[in-house]
Amino acid sequence: MANEVTIPLLPCVSIDEIAAFYGVLGFTTTYRQLRPNPYLAVRREDLELHFAGIPGFDPEQSYGSCVVRVPDTGVLHRAFADGMRAAYGKVLVSGIPRMTTPRRRKNVDGLAGFSVVDPGGNWIRFFPAQDDAAAPPSSATKLGIALQNAVVQGDSRGDERQAALILDGVLRRTDEADAPAGDLVEVLLYRAELAGRLGSPDEARTFLARALAVPLDPTTRTRLAAPLAAAADLTTTLSPDEP
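Residues numbered from 1 in each chain as written. Predicted model: local features only at pLDDT ≥ 70, side-chain atom pairs only at ≥ 80, totals over all residues. Heavy atoms only, no water.

## Observations concerning the overall build of the protein chain
Argument step 1. Looking only at helices and strands, the protein chain features eight helices and nine strands.
Argument step 2. By its C-alpha atoms, the protein chain is 65 × 45 × 30 Å across when sized along the principal axes.
Argument step 3. Every one of the 243 residues in the protein chain was classed for burial, and the buried ones make up 49%.
Argument step 4. Sequence separation of 24 or more characterises 60% of the internal contacts of the protein chain that already satisfy a separation of 6 or more.
Argument step 5. Roughly 12,300 Å² of accessible area belongs to the protein chain as shown, and the carbon and sulfur atoms make up 53% of that amount.
Argument step 6. Once the 25 positive and 30 negative side-chain charges of the protein chain are each reduced to a mean point, those two points are 2 Å apart. (Helix = DSSP H or I, 4+ residues; strand = E, 2+ residues; numbered from the N terminus. Buried < 20%, exposed > 50% of the residue type's maximum accessible area, 1.4 Å probe, protein only. Contact = heavy atoms within 4.5 Å. Areas by Shrake-Rupley, 256 points an atom, 1.4 Å probe, with all protein chains shown as cover. Lys, Arg positive; Asp, Glu negative; His and termini not counted. Charge placed at Lys NZ, Arg CZ, Asp CG, Glu CD.)

## Remarks on helix α5 (residues 181-197)
Argument step 1. Over its 17 residues, α5 extends 24 Å from the first C-alpha to the last, a length consistent with the 24 Å expected when each residue adds 1.5 Å.
Argument step 2. Taking burial as the measure, the 17 residues of α5 include 15 buried ones, the bulk of the element.
Argument step 3. Two residues or fewer after α5 comes Gly 199, characterised by a positive phi angle close to 75°. (Expected span 1.5 Å × (residues − 1).)

## What to know about the nonpolar core
A general feature of soluble globular proteins is that nonpolar side chains tend to end up buried together.
Argument step 1. Tyr 22 and Phe 126 are the most contacted members of the largest nonpolar core, which has 60 residues in total.
Argument step 2. Tallying contributions element by element places α5 first for this core, with nine residues.
Argument step 3. Residue contacts for Tyr 22: discarding those within four places in its chain leaves Phe 27, Val 42, Leu 49, Phe 51, Asp 118 and Ile 124. (Core = buried A, V, L, I, M, F, W, Y, C linked by side-chain atoms within 4.5 Å.)

## Overview of the packing of α5 against helix α6 (residues 201-212)
Argument step 1. One way to put it is that α5 packs onto α6 with a least axis distance of 8 Å and a crossing angle of 165°. Taken together, the axes of α5 and α6 are roughly antiparallel relative to one another. Along this stretch, α5 crosses α6, giving a crossing that reads as left-handed. Of α6, the residues touching α5 (which contributes Val 185, Leu 188, Leu 189, Arg 191, Ala 192, Ala 195 and Gly 196) are Glu 203, Ala 204, Phe 207, Leu 208, Arg 210 and Ala 211.
Argument step 2. Among the residues making up the contact of α5 with α6, the classes are represented as nine nonpolar, one polar and three charged. (Axes fitted to C-alpha atoms, helices over the stretch in contact; angles between N-to-C directions. Parallel < 35°, antiparallel > 145°, perpendicular 65-115°, else oblique. Left-handed = near helix turned anticlockwise from the far one by under 90°. Nonpolar A, V, L, I, M, F, W, Y, C, P; charged D, E, K, R; others polar.)

## A word on the packing of aromatic side chains
Argument step 1. A complete count under the given rule lists eight aromatic pairs for this structure.
Argument step 2. The interplanar angle of 15° and the centroid separation of 5.0 Å between the aromatic rings of Phe 114 and Phe 126 together place this pair among those described as stacked. Of this pair, Phe 114 sits in strand β8 (residues 111-117) while Phe 126 sits in strand β9 (residues 123-128); the two residues are 12 residues apart in sequence, bridging distant segments of the chain. Neither residue differs from the other here; Phe 114 and Phe 126 are each classed as buried. (Phe/Tyr/Trp six-rings, centres within 6.5 Å; stacked < 30°, edge-to-face > 60°.)

In structure tokens, the structure reads:
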């Protein structure tokens, strides 16, 4: 049959917390009930998600996840980021909830995707409906390969510690003076992001400073527009004025 519709039903602690968060991302609540059990439906254009409130549920232990194929991940990521900045004064890049930076995933045929981790700990994984030819290709240098492996661990599997170990290993083996500048900056920026997620703000600042000190030519800076924008968001998150 054609024209089927699948709607994910995901767990959460509080449907009100979920409704508020997805409202920031431009979703509207289409259904809400408290009895006989908490239930919420939200919608943004053709994207619909449903949630069941579960007393005592731990978002840190959630395995809730779904994949969403969209025409343009970059446009959607920017819209979500704008909503977060308007509501929170920053893009949430660590903790729960948070949003990852669009990156190619070698375990998803090289598609450039990003994830939203919502207050229920659910991973909503956004990928393009077709390959984005405009997205920069993955690098085949040792730094580029390590970055690809780290992204699988950190952004696909949620294992930030393993991702950090991969990047720490390749950085120890790399002479930064001779390394391709773009690849080095990407690795350092992602390592900073991972440090922020792991609750190590001082370490994150150190990696950020190293990344931003690397000189980039205009072409490379344009290619790295997305990770550099994420670095600016991470800098705001790590501000001393933040709690």
